[in-house]
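# Structure assessment
One-letter residues, chain by chain:
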Amino acid sequence: MGDSAARLDAIGKRCAAAAAACGRAVSEISLVAVSKTFGPEEILPVLEAGHRVFGENRVQEAQGKWPQLRERYPDLELHMIGPLQSNKAADAVALFDVIETVDREKIAATLAAEMARQGKSPRLLVQVNTGAEPQKAGVLPAETRTFVELCREKYGLKIEGLMCIPPFDENPGPHFALLRKLAAELGLGILSMGMSADFETAIELGATHVRVGSAIFGSR
Ligand SMILES: *Cc1c(COP(=O)(O)O)cnc(C)c1O
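Residues numbered from 1 in each chain as written. Predicted model: local features only at pLDDT ≥ 70, side-chain atom pairs only at ≥ 80, totals over all residues. Heavy atoms only, no water.

## A word on the packing of helix H5 (residues 105-118) against helix H6 (residues 144-155)
Contact geometry for H5 and H6: axes closest at 10 Å, N-to-C directions at 30°. For the pair H5 and H6, the sense of crossing is right-handed. Contacts from Glu-105, Ala-108, Ala-109 and Ala-112 in H5 reach Phe-147, Leu-150, Cys-151, Lys-154 and Tyr-155 in H6. (Axes fitted to C-alpha atoms, helices over the stretch in contact; angles between N-to-C directions. Helix = DSSP H or I, 4+ residues; strand = E, 2+ residues; numbered from the N terminus. Left-handed = near helix turned anticlockwise from the far one by under 90°. Contact = heavy atoms within 4.5 Å.)

Shown next, in the form of structure tokens:
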């Protein structure tokens, strides 16, 4: 077993322990292996170990490696977890199974048009900027309801959940709790939150998807 496959296994066990500790079934939690900056030689051992759910943060980088890997592993589930530009929306719809970073009207409009044109419907999450950081993508917490309703009503997009990346230097717990509260108020079932440093806290606070990169693939 390669190093990355061994680390994946260890992370899987930590997810199971975190779920058990708060009385959740580990089957409710999906581990998104974030493979950004890593190539097929690092990704293949994880695929060979049976893992199928991966995250990438750049459309162009993902296009360079995943179409070939998907030919060998057609049951992949690829998540777009990085900021999305509208000129990359067509490529994102073509490649990804889940787009976690819907966060403004222009992207919602472009995604809706591309989904209709390509006859594809990736699952969609709205990114929330829980820390209201000026440099960070995502809708503000207070604007989440209006934006989800706009996606739904004006563009016919089915938003299934919320995603956040808490401020780097803050305790993530309150941000995860806020995301859970917003999702509950909107009746949304998917919560993508928690990374290598804090996925156990995220599981305790209701994450259905944790996005773990460096703890599986090594430092970037
Ligand atoms: C890189 C990245 C991750 C994974 O971060 P690690 O700390 O390496 O686990 C998770 N989410 C997003 C949005 C990322 O860009």
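Now that the structure has been shown, the text picks up again.
## Considerations on the site of the ligand
Taken together, the residues surrounding the ligand are Val-34, Lys-36, Ile-81, Met-163, Ile-165, Met-195, Ser-196, Arg-211, Val-212, Gly-213, Ser-214 and Arg-220. Lys-36 has a polar side-chain atom sitting 2.7 Å from an oxygen atom of the ligand. One of the side-chain nitrogen or oxygen atoms of Ser-196 is found 2.5 Å away from an oxygen atom of the ligand. In isolation the ligand exposes 390 Å². Once the protein is present, 89% of that is buried. (Near = heavy atom within 4 Å. Polar contact = N/O pair within 3.5 Å; in protein donor to acceptor, adjacent residues only side chain to side chain. Areas by Shrake-Rupley, 256 points an atom, 1.4 Å probe, with all protein chains shown as cover.)

## Focus on the packing of aromatic side chains
When we look at a pair of aromatic rings, we describe it by the centre distance and by the angle of the planes. In total, this model carries 2 aromatic pairs according to the counting rule given. Seen from their ring centres, Phe-54 and Trp-66 are 4.9 Å apart, and the 45° between their planes marks the pair as tilted. Taken as a pair, Phe-54 in strand S2 (residues 53-56) and Trp-66 in helix H3 (residues 59-72) lie far apart in primary sequence, 12 residues in all. Looking at Phe-54, the relative accessible area reads 0%, which means it is buried. Judged by its relative accessible area of 0%, Trp-66 falls in the buried class. (Phe/Tyr/Trp six-rings, centres within 6.5 Å; stacked < 30°, edge-to-face > 60°. Buried < 20%, exposed > 50% of the residue type's maximum accessible area, 1.4 Å probe, protein only.)

## Side note on the packing of H6 against helix H7 (residues 173-186)
Across the interface, H6 lies against H7 with an axial gap of 11 Å and an inter-helix angle of 45°. Classified by the interaxial angle, the pair formed by H6 and H7 is oblique. In this structure, H6 crosses over H7, and the sense of that crossing is right-handed. For the pair H6 and H7, contact is made by Thr-144, Arg-145, Val-148 and Arg-152 and by Leu-182, Glu-185 and Leu-186, respectively. Classifying every residue of the contact of H6 with H7 gives 3 nonpolar, 1 polar and 3 charged. (Parallel < 35°, antiparallel > 145°, perpendicular 65-115°, else oblique. Nonpolar A, V, L, I, M, F, W, Y, C, P; charged D, E, K, R; others polar.)

## Quick notes on the pattern of salt bridges
Counted according to the given criterion, the structure contains 14 salt bridges. The partner of Glu-105 in a salt bridge is Lys-154, and the shortest N-O contact between them spans 2.9 Å. Placement of the pair is Glu-105 in helix H5 and Lys-154 in helix H6, with a sequence separation of 49 residues. Take Glu-105: its relative accessible area is 31%, and that puts it in the partly exposed class. Judged by its relative accessible area of 54%, Lys-154 is exposed. A network of salt bridges, in which partner residues are shared, links Glu-56, Glu-61 and Lys-65. (Salt bridge = Lys/Arg side-chain N within 4 Å of Asp/Glu carboxyl O.)

## Some thoughts on the pairing of strand S5 (residues 123-128)
Remark: a regular strand shows side chains that alternate across the two faces of the sheet. Most of S5 is tucked away: 5 of the 6 residues are buried. Sheet analysis places strand S4 (residues 98-102) next to S5, joined by 3 bridges and oriented parallel. Paired with Ile-99 across the bridge in S5 is Leu-124. Strand direction decides the pairing type here: S5 and strand S6 (residues 159-164), joined by 5 bridges, are parallel. Following the sheet pairing, Gln-127 is matched in S6 by Met-163. In this fold, S5 hands off to H6, which returns the chain to S6; that crossover is right-handed. (Pairing = 2+ DSSP bridges. Right-handed = clockwise from strand over helix to strand, strands pointing away.)

Without other data, these values stay purely geometric and don't point to any function.
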